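In case you want the letters, here they are:
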Amino acid sequence: MAFWHWILDHWVVVGTYGFLALDMALRIVGIIVVPRNRRPGSALAWLLAIMVFPIIGFPLYLLLGKAELPRKRRAKQAVVNRLMRVRAQGIPDSELDEDVPSWLQSAVRLNRELGAFPLTGNNSADLEIDYDSSIARMAADIRTARESVHVLFYIMVLDEVTEDLFAALTEAAGRGVTVRVLYDHWGSLSHFRHYRAMRRCFDAHGIEHYPMMPIKPFSDGAFQRPDLRNHRKMVIVDGQTGWMGSQNMIAAHYNKRANIRRGLHWQETMARLHGPIVSELNLLFATDWFYESGEMLPDEEVVRSPRDTSGTYECQLVPSGPGFVAENNLVLFNQLFYSATRRIVAVSPYFVPDESMLAALTTAARRGVEVELFVSEIGDQFLVYHAQRSYYTALLEAGVKIWLYRAPTILHAKHVTIDDSVTVVGSSNMDIRSFLLQMECSLMIGGTDFMEKMHEVEEVYRSRSRVLTLKEWRQQPWYQSLLDNTCRLASAVV
């Protein structure tokens, strides 16, 4: 009792020394724990946060410092990965032509090792860059369904623009088609009114649906950081027609008053696919379905014999995310950038590369490769937009041509073309979040005819963009540069 009375009598001194002891302990523990298996830039950013504000920085590190799934989810993902490899054996392999570059053959082998999916031939693919038309065409495909419709979107809500697609889904369910829907929990929930309308629609028509990566921090036996998300976008009809790319299932202005007031709307690129590659999309959906529902879809429903094999494109799906050992999308992009000999065109709404990607692009430009980067003139995410701008000096000095897609449009498309050999299109941004924290889906496509289609899209983008010159960039105010670099430092805290 005397001891407690002494503490109460001297609580200011005790509190001060206790705070200093905790402060020092957190700094020491941070130095020991933070650098383990982490990029140097990320480790330094976290250590800076902990050293400056240890009482705030260390709890934030515990909350957001590990880009991995909790133990039970990792075990489930391991099952998913094994399942993917076994079932992918039922998809026929295709051989590249003898005249393709050796580096492309190497990329195919690398992708097979990273993501399990083989290269498939006899595929056909079309591109759709009109926002409303892509939704209308997806709805039309769903209305042809006879057996199954599988839908997965990062953001999916019921609003005035998407209501026709929802009508197609409910019509399909009404005539006995099996309809399964997945949507990212946070990505969709953040548009609450329309999210709630979507769920009511599905429940009213008996459509089975699940939120992906639900925000239940301790539901899997350990804390799961809330910003691990499923960012994929896919539609598969009867295992025969597939859609994938960058577009979410929401109005082009995202139903935000500020966007409507500013006239902001999103520009997307979606690919419509036929052939054996659709089974790879269906298999990826099935793994995500098992991940969220616990239901293992039967092989005969997932891997289907394609009815249309008239196409000439070789395609390979590359999934990525925190459940994989490697950063599959980053590894693929870097492999292609270092292999390019003539030309690289990269389109990404959020360009916040790690050191390896920045080196790959600037090195390519310095060795004579024509490198073009398309980004938006304005941003919809303050931190990412300003972090992205901090890389412009290094890129411009290396000779990279930066195209700014004119306001008020947000260029949200995500694709890359390398020489005249290969295209990669999908959901993955070129930023650290897409490399480490988000489940993504990229598609590598070979074929001269498809490259011509993609070059046509690039020409449309050039007509709507302006070139940023190094002279113009160096004239920006000093405080803008300070803000950009400060946001760049914050973006490294992953």
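Now for a description of the structure that goes with this document. (Residues numbered from 1 in each chain as written. Predicted model: local features only at pLDDT ≥ 70, side-chain atom pairs only at ≥ 80, totals over all residues. Heavy atoms only, no water.)

What to know about helix α19 (residues 448-463)
Then step 1. Between the first and last C-alpha of α19 there are 23 Å, a value that for 16 residues agrees with the 22 Å anticipated at 1.5 Å per step.
Then step 2. Looking at α19, one finds that the buried residues are Phe 450, Met 451, Met 454, His 455, Val 457, Glu 458, Tyr 461 and Arg 462. Projected down its long axis, α19 shows its buried positions confined to an angular sector of 160°, all on one face. In α19, those exposed residues whose orientation departs by more than 90 degrees from the buried face are Glu 456 and Ser 463. (Helix = DSSP H or I, 4+ residues; strand = E, 2+ residues; numbered from the N terminus. Expected span 1.5 Å × (residues − 1). Buried < 20%, exposed > 50% of the residue type's maximum accessible area, 1.4 Å probe, protein only. Arc of directions from axis to C-beta.)

A short note on the pattern of salt bridges
Then step 1. Inspection of every chain in the model, using the stated rule, returns 16 salt bridges.
Then step 2. Linking Asp 184 and Arg 229 is a salt bridge whose minimum nitrogen-to-oxygen distance equals 2.9 Å. Here Arg 229 lies in strand β5 (residues 229-230) and Asp 184 lies in strand β3 (residues 178-184), a separation of 45 residues in the sequence.
Then step 3. Residue Asp 184 is classed as buried on the basis of its relative accessible area of 0%.
Then step 4. Assessed through its relative accessible area of 2%, Arg 229 is described here as buried.
Then step 5. Salt bridges here are not isolated pairs; linked through shared partners, they connect Arg 343, Glu 372, Glu 459 and Arg 462. (Salt bridge = Lys/Arg side-chain N within 4 Å of Asp/Glu carboxyl O.)

Overview of the environment of Arg 389
Then step 1. When you line up the elements, Arg 389 lands in helix α16 (residues 382-389).
Then step 2. Note on Arg 389: relative accessible area 11%, which makes it buried.
Then step 3. The spatial distance from the C-alpha of Arg 389 to the C-alpha of Val 375 is 9.9 Å, given a sequence separation of 14 residues.
Then step 4. For Arg 389, the residues in contact, after removing those within four places along its chain, are Trp 473, Gln 476, Gln 480 and Asp 484. (Contact = heavy atoms within 4.5 Å.)

Let's talk about the environment of Phe 337
Then step 1. Within the element layout of this structure, Phe 337 appears in helix α14 (residues 328-339).
Then step 2. Separated by 32 residues in sequence, Phe 337 and Val 369 have C-alpha atoms that sit 9.5 Å apart.
Then step 3. Setting aside residues up to four positions removed in sequence, Phe 337 forms contacts with Ile 344, Met 357, Ala 360, Leu 361, Ala 364, Arg 367, Val 416, Ile 418 and Met 430.

Side note on the pairing of strand β7 (residues 241-245)
Then step 1. Of all five residues that make up β7, five are buried, and the element is covered over most of its length.
Then step 2. Neither face of β7 is exposed, since Thr 241, Trp 243 and Gly 245 on one face and Gly 242 and Met 244 on the opposite face are all buried.
Then step 3. In this sheet, β7 lies alongside strand β6 (residues 233-237) in antiparallel orientation, the contact comprising four bridges. Following the sheet pairing, Met 234 is matched in β7 by Met 244.
Then step 4. Counted along the chain from β6 to the antiparallel partner β7, the turn is three residues long, and its residue Asp 238 has a positive phi close to 55°.
Then step 5. The pairing of β7 with strand β9 (residues 270-274) spans five bridges and is classified as antiparallel. Among the inter-strand pairings, Trp 243 is bridged to a residue of β9, identified as Arg 272. (Pairing = 2+ DSSP bridges.)

Notes on the packing of helix α6 (residues 102-115) against α14
Then step 1. Following both chains from N to C, one finds α6 and α14 inclined at 175°, their axes separated by 11 Å at the closest point. As far as their axial angle goes, α14 and α6 are roughly antiparallel. Of α14, the residues touching α6 (which contributes Trp 103, Ser 106, Ala 107, Leu 110, Asn 111, Leu 114 and Gly 115) are Asn 328, Val 331, Leu 332, Gln 335, Leu 336 and Ser 339.
Then step 2. When the residues that make up the contact of α6 with α14 are grouped by side-chain class, the tally is seven nonpolar, six polar and no charged. (Axes fitted to C-alpha atoms, helices over the stretch in contact; angles between N-to-C directions. Parallel < 35°, antiparallel > 145°, perpendicular 65-115°, else oblique. Nonpolar A, V, L, I, M, F, W, Y, C, P; charged D, E, K, R; others polar.)

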